[in-house]
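Spelled out, the chains give:
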Amino acid sequence: EYNVAVFVTNQVMSDPGGGSMFVVDPKKPIGGHIVAHASSVRMSLRKGKGESRIVKLLQHPNMPEAEASFDISTQGIVDNND
């Protein structure tokens, strides 16, 4: 209706006691599940090798879960060569 995008960030923290030793990713959102469920699109960013970053699409109404990588250089954000 208003043609406005809203970008919300949510910090995560390690939760070593939150699950069993079989949990692959023991991080939990600081904002809780309310922020996650109120969002249409959820992405996770993590540091790769060197200046590389990896973005993972976790939730989207029309797209499957996927990953992509990019580099941060003096020219800005550029495609990863790997």
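The rules behind these values
- Residues numbered from 1 in each chain as written.
- Predicted model: local features only at pLDDT ≥ 70, side-chain atom pairs only at ≥ 80, totals over all residues.
- Heavy atoms only, no water.
- Pairing = 2+ DSSP bridges.
- Helix = DSSP H or I, 4+ residues; strand = E, 2+ residues; numbered from the N terminus.
- Axes fitted to C-alpha atoms, helices over the stretch in contact; angles between N-to-C directions.
- Salt bridge = Lys/Arg side-chain N within 4 Å of Asp/Glu carboxyl O.
- Buried < 20%, exposed > 50% of the residue type's maximum accessible area, 1.4 Å probe, protein only.

Now for the sheet that holds strand 3 (residues 42-47). What the four strands build is an open sheet, ordered 3-4-5-6; its pairing is antiparallel. The open sheet is flanked by strand 3 and strand 6 (76-79), the only strands paired with a single partner. Averaged over all adjacent pairs, the angle separating strand axes in this sheet is 35°, with direction ignored. Pairing analysis gives four bridges linking strand 5 (residues 66-73) to strand 6, with the strands arranged antiparallel. Its bridge partner being in strand 6, S73 is matched across the sheet by G76.

Right, let's talk about the pattern of salt bridges for a bit. In total, this model carries two salt bridges according to the counting rule given. Put simply, E65 and K56 hold a salt bridge, and the shortest N to O gap is 3.3 Å. The exposed category is assigned to E65, whose relative accessible area is 52%. Residue classification places K56 among the partly exposed residues on the basis of a relative accessible area of 25%.

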